[in-house]
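Coordinate inspection notes
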Amino acid sequence: MRISDVKTYILGTAWRNLTYVEVHTDDGLVGVGEVRMLNHTDALIGYFAEAVPNHVLGSDPFQVEDLVARMFRNDYARAGEIAMSAISTVEMACWDIIGKALNQPVYRLLGGQVRERIKAYANGWYTVERTPEDFHAAAKKVVERGYRALKLDPFGAGFYELDRPEQLRSIGLVEAVRDAVGPDVDIMVEMHGRFNPATAVEIARQLEPFQPAWVEEPVPPENLAALKKAAEHIRIPVATGERIHARHEFRELFELQACDIIQPDITHFGGILETKKLAAWADAYYVLVAPHNVGGPVSTAANLHLAACTTNFKIQEHFNDFAEDFVKAAAPAIRRWSTVTSRCRAGRAWA
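Notes on the structure in this doc start here. (Residues numbered from 1 in each chain as written. Predicted model: local features only at pLDDT ≥ 70, side-chain atom pairs only at ≥ 80, totals over all residues. Heavy atoms only, no water.)

Within a regular strand, side chains alternate between the sheet's two faces. Burial of strand β2 (residues 17-25) is extensive: seven of the nine residues sit out of reach of the surface. Counted between consecutive antiparallel strands, the loop separating strand β1 (residues 3-12) from β2 contains four residues. Of the strand pairs in this sheet, β2 and strand β3 (residues 30-37) are connected by eight bridges, and their pairing is antiparallel. Each bridged residue has a counterpart across the sheet, and for Glu 22 the counterpart in β3 is Val 32. (Buried < 20%, exposed > 50% of the residue type's maximum accessible area, 1.4 Å probe, protein only. Helix = DSSP H or I, 4+ residues; strand = E, 2+ residues; numbered from the N terminus. Pairing = 2+ DSSP bridges.)

Below, the structure is given as structure tokens:
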């Protein structure tokens, strides 16, 4: 079996473009990958125009390691987010082909399942006014859907610091969410790399009464020494990693022991197998994995396979219950992505 063609399709939404990549084989099997890009969709399509004929066409989709290695190493320039996203979608599609060819779900090909249910948390639910009343009402709707965990970014515009009124407003939003969901639901607080270490530490201290499950990207992602400086004084678990796109870039993070949870995005990190390798490496440092997932149904399906076979998996991010109706209508694609739902059941609850 050889790869005979690669086609791309773009689904535009209000705040993200979902790019779907079809990998066709000369045997007639087709695999699908997916990635969400922010302002780089055209660059991704441009990369495919050269990379597909140079690296992909004629390849055996079963030889995933070889294909990924050639796409990563055989270009003189080092792979950044665009190249890694392209590699990820092709890799994901190859696993889809392999699963279909063997009539097996991908998680069984990567070691087999280690859990019956997959924990998930809601994101994208708080597209409301930044008032305690609106956040309170929106959070109640999340738990009414069955979620036992949710994430929010309560902060407004900020660069390194927040003035005192904005800090109080942001903390008030978290307080409203905790009041809405009660003590048994996990709340994750997203900082989106806004703050310098001193501000991150101070805001985390103010968040402590609401017992967040983690604070995410407390400082900008480029300076891991600054992250370590903040993490040493933050008494809440620290999560990071969605903007790290290659395995070697995690080395310093692990050696500094600067976080408790890593959040690689399989659609930007080289695919499913590369992320599973990273999870195994993280396990040596007792670090948990909570994959970043801002994609649609296909990347969610691929993430479920990874979660099913990864021992130090913690919880899965999920946006699509709160997406536009036409994105939700694409959800049946999950059932076609290597028989994921017939063998691996996704659950929103912790239990």
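Moving on to the layout of surface pockets. Approximately 630 Å³ is the volume attributed to the largest pocket. Looking at the largest pocket, it is lined by 27 residues, and the ones nearest its centre are Trp 15, Arg 36, His 192, Val 294 and Phe 319. Grouping the constituent residues of the lining of the largest pocket by class yields eight nonpolar, eight polar and 11 charged. (1 Å grid on protein atoms, 1.4 Å probe; cavity = no way out; pocket = protein on both sides within 12 Å on 5 of 7 lines; lining within 4 Å. Points joined across faces, edges and corners; volume = space filled by probe spheres on them. Nonpolar A, V, L, I, M, F, W, Y, C, P; charged D, E, K, R; others polar.)

Okay, the nonpolar core next. Counting residues in hydrophobic clusters, the biggest one holds 51 residues, and the most contacted among them are Trp 125, Leu 150, Val 177, Leu 207, Leu 253 and Ile 262. Secondary-structure elements contributing two or more residues to this core are α5 (132-144), β6 (149-152), α6 (164-181), β7 (186-190), α7 (197-207), α8 (224-231), α9 (250-256) and α10 (272-283). Sort the elements by how many residues they give to this core and α6 lands first, with six residues. In contact with Leu 207, not counting residues within four places along its chain, are Ile 171, Val 174, Val 189, Met 191, Pro 212, Val 215 and Ile 236. Membership of the second largest hydrophobic core comes to 44 residues, among which are Tyr 20, Ala 86, Ala 302 and Leu 306. (Core = buried A, V, L, I, M, F, W, Y, C linked by side-chain atoms within 4.5 Å. Contact = heavy atoms within 4.5 Å.)

On to the pairing of β1. Looking at chain direction, β1 and β2 are connected through nine bridges and run antiparallel. Along β2, the bridge assignment pairs Ile 10 with Thr 19.

Once that is clear, we can look at the packing of helix α1 (residues 41-56) against helix α2 (residues 64-73). At a minimum axis distance of 10 Å, the contact between α1 and α2 shows a crossing angle of 130°. Viewed along their axes, α1 and α2 adopt a mutual orientation that is oblique. The two elements α1 and α2 meet at a crossing, and its hand is right-handed. Packed against α1, whose contacting residues are Tyr 47, His 55 and Val 56, the element α2 presents Leu 67, Arg 70 and Met 71 at the interface. Residue classes in the contact of α1 with α2 are distributed as four nonpolar, one polar and one charged. (Axes fitted to C-alpha atoms, helices over the stretch in contact; angles between N-to-C directions. Parallel < 35°, antiparallel > 145°, perpendicular 65-115°, else oblique. Left-handed = near helix turned anticlockwise from the far one by under 90°.)

Another aspect to go through is unusual backbone geometry. Backbone phi values are negative for most residues with the exception of glycine, while trans is the configuration of most peptide bonds. Phi at Gln 211 is positive, roughly 50°, even though this residue is not glycine. When you line up the elements, Gln 211 lands in the loop between α7 and β8 (214-216). Overall, the relative accessible area of 59% leaves Gln 211 in the exposed class. Phi angles above zero are rare outside glycine, and Tyr 286 is one such case at about 60°. With respect to the helices and strands, the residue Tyr 286 is situated in the loop between α10 and β11 (288-289).

Looking at where Thr 199 falls in the secondary structure, it is placed in helix α7. The exposure class assigned to Thr 199 is buried, which follows from its relative accessible area of 9%. When residues no more than four places from it in sequence are discounted, the contact partners of Thr 199 are Tyr 160, Glu 161 and Leu 162.

Spatially, three strands are ordered β1-β2-β3 in an open sheet, and the strand pairing comes out antiparallel. The open sheet terminates on both sides in strands that have one partner only, identified here as β1 and β3. On average, each strand axis in the sheet is inclined to that of its neighbour by 20°, with strand direction left out of account. Most of the contacts of α1 go to β1, to which it runs at about 175°, and overall it touches β1, β2 and β3. Running over the sheet, helix α3 (residues 81-102) touches β1, β2 and β3 and is turned about 150° from β3.

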